[in-house]
Amino acid sequence: MTTRSTSADRPASLAAAEAPMRQARNSAALWTATGRSRGHEVVRRRGFVAADGDERAGLRVLIQESDLDAGELAELGELVRGAAGPVNVEDPFGSTDLSHLGMRSWQMPVMLRPPGPVGEPALEVIKVRRSEDLQAAERIVIEGFELTGFEPYRPGELFPMSFIGQPGVDVFVALHDGVAAGACVSVVDDGVGSHYWVGTSPAFRSRGVGRAVMLGALAHVADLPVTLTASKLGRPLYESLGYTVAAPSTWWASVPATP
């Protein structure tokens, strides 16, 4: 379960060596909340957590330990082969080889930001509470990340209204002249924050929207260490906000069938 920590159990700092494990735990909290809100099966094992969805949502696996045993690897393989839709696996430890399952891999850095002051965003950033704002965030993420599996659009499929009712989960939207232009998801779990789905609507790119939505979200976790996994395009923004690279993370994805 995702939990908000009291000041008594918040870590004052987080060593870079701990960042992969804390990112793994936070990602598992996000996808457990996501799976529950969508009504999908959530599988929890010592070495991994999986949210097993339908043909559009697919299967998401979060590696939790660097030393999966033979039984866990076998079960993970069964989940991948039996997935109804696309498969994505996050391995912050970079230690689990899934090439035998016909999956492709790439690396992205796990980044860490210590607790500290956060600047004011240049745009208005709101914490989502209304269904229309959540749907706006949903559209931004689908378009910004080119999530073609969620097209044609079905309101509430990516982010059901119950998603923002999950403990520790918040969604933020940046407004440009009153129009929803950027979005991100924030998760607090066990005294550590993390951010996901930091996206900008294609119509508002190169206008400082990504920076604004990140600053607005960070303001709510300024007293916590925060991790995230950065894309190549996102890394310069995160570095400018005080994040540093802690370790490489390996991602695996199913290879789309050739028509």
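Shown above is the structure to which this text applies.
Counting of residues starts from 1 at the beginning of each chain's written sequence and follows it residue by residue. Only residues with pLDDT of at least 70 are given local features in this predicted model, and only at 80 or more are side-chain atom pairs given and counted; all residues enter the totals for whole chains, interfaces and linings. Each side-chain value is worked out from all heavy atoms of the structure, with water and hydrogens disregarded.

Digging into helix 2 (residues 70-81)
For step 1, the next point in the chain: Only runs of H or I of at least four residues qualify as helices and only runs of E of at least two qualify as strands under DSSP, and these elements are numbered from the N terminus. To estimate how far a helix should extend, the number of its residues minus one is multiplied by 1.5 Å. With 12 residues, helix 2 extends 16 Å between its outermost C-alpha atoms, agreeing within 8% with the 16 Å of an ideal straight helix rising 1.5 Å per residue.
For step 2, the next point in the chain: Glu 72, Leu 76, Gly 77, Leu 79 and Val 80 are the residues of helix 2 that are buried. Taken down its axis, helix 2 places every buried residue within 160° of arc, on the same side. In helix 2, the exposed positions angled more than 90 degrees off the buried face are occupied by Ala 70, Glu 78 and Arg 81.
For step 3, the next point in the chain: Here the buried face of helix 2 lies against strand 2 (48-52), strand 3 (59-63), strand 4 (87-91) and strand 5 (103-113).
For step 4, the next point in the chain: Where helix 2 begins, the side chain of Asp 69 points an oxygen toward the backbone nitrogen of Gly 71, at a separation of 3.1 Å. Only protein chains enter the area calculation, which uses a 1.4 Å probe; residues under 20% of their type maximum are buried, those over 50% are exposed, and those in between are partly exposed. Arc definition: directions from the helix axis to the C-beta atoms. In what follows, residue pairs with any heavy atoms lying within 4.5 Å of each other are defined as contacts. N or O atoms closer than or at 3.5 Å make up a polar contact, with two conditions inside protein: a donor-capable atom paired with an acceptor-capable one, and, for residues adjacent in sequence, both atoms drawn from side chains.

Brief notes about the nonpolar core
For step 1, the next point in the chain: Here the nonpolar core consists of buried residues drawn from Ala, Val, Leu, Ile, Met, Phe, Trp, Tyr and Cys, with membership extended through side-chain atoms lying within 4.5 Å. In terms of nonpolar packing, the biggest core is built from 29 residues, with Phe 159, Val 171, Val 185 and Trp 197 touching the most fellow members.
For step 2, the next point in the chain: Those elements giving two or more residues to this core turn out to be helix 1 (19-38), helix 3 (131-144), strand 7 (169-176), strand 8 (179-189) and strand 9 (192-200).
For step 3, the next point in the chain: Once residues within four sequence positions are removed from consideration, Val 171 is found in contact with Ile 126, Lys 127, Val 128, Leu 134, Ala 137, Phe 163, Ile 164, Cys 184 and Val 185.
For step 4, the next point in the chain: Leu 123, Val 188, Val 198 and Phe 204 belong to the second-largest nonpolar core, a separate cluster that totals 25 residues.

Here's the deal with the environment of Tyr 243
For step 1, the next point in the chain: With respect to the element layout, Tyr 243 can be found in the loop between helix 5 (235-240) and strand 11 (244-254).
For step 2, the next point in the chain: Since its relative accessible area comes to 2%, Tyr 243 is described here as buried.
For step 3, the next point in the chain: C-alpha separation for the pair Tyr 243 and Gly 85, spaced 158 residues apart in sequence, amounts to 33 Å.

Side note on unusual backbone geometry
For step 1, the next point in the chain: In the segment running from Glu 151 into Pro 152, the intervening peptide bond is cis, with an omega of 0°.
For step 2, the next point in the chain: Topologically, Pro 152 is positioned in the loop between helix 3 and strand 7.
For step 3, the next point in the chain: A positive phi angle is found at Ser 206, which is not glycine, with a value near 65°.
For step 4, the next point in the chain: Here Ser 206 shows up in the loop between strand 9 and helix 4 (209-218).

Considerations on the sheet that holds strand 2
For step 1, the next point in the chain: Being paired, for any two strands, means DSSP has found at least two bridges between them. Spatial strand order, 1-2-3-4-11-5-10-9-8-7-6: 11 strands in an open sheet with mixed pairing. Only two strands of the sheet have a single partner each, and these edge strands are strand 1 (41-44) and strand 6 (124-127). Shown here is a sheet whose adjacent strand axes are inclined to one another by a mean of 20°, direction ignored.
For step 2, the next point in the chain: Two elements, strand 5 and strand 10 (residues 226-229), share 4 bridges in a ladder whose sense is antiparallel. Bridge assignment links Met 111 to a residue of strand 10, and that residue is Leu 228.
For step 3, the next point in the chain: Structural elements are reduced to axes, namely lines fitted to C-alpha atoms, with helices fitted over the stretch in contact, and the angle between N-to-C directions of any two is expressed from 0 to 180 degrees. Sitting on the sheet, helix 3 is in contact with strand 6, strand 7, strand 8 and strand 9, with an inclination near 95° to strand 8.
For step 4, the next point in the chain: The strands touched by helix 4 are strand 5, strand 6, strand 7, strand 8, strand 9 and strand 10; relative to strand 9, the strand with the most contacts, the crossing angle is about 155°.

Examining the packing of aromatic side chains
For step 1, the next point in the chain: Under the pairing criterion, centres of Phe, Tyr and Trp rings, with the six-membered ring standing for Trp, must be within 6.5 Å; the plane angle then separates stacked pairs below 30 degrees from edge-to-face pairs above 60, leaving the rest tilted. The final tally for this structure, using the stated rule, is 4 aromatic pairs.
For step 2, the next point in the chain: Residues Phe 145 and Trp 197 carry aromatic rings whose centres are separated by 5.1 Å and whose planes lie at 85° to one another, so their mutual orientation is edge-to-face. Of this pair, Phe 145 sits in the loop between helix 3 and strand 7 while Trp 197 sits in strand 9, and the two are 52 residues apart along the sequence.
For step 3, the next point in the chain: Of the residues examined, Phe 145 reaches a relative accessible area of 36% and is grouped as partly exposed.
For step 4, the next point in the chain: Relative accessible area serves as the criterion here: at 16%, Trp 197 is assigned to the buried category.

Everything listed here is a matter of coordinates, which is why it stays silent on function.
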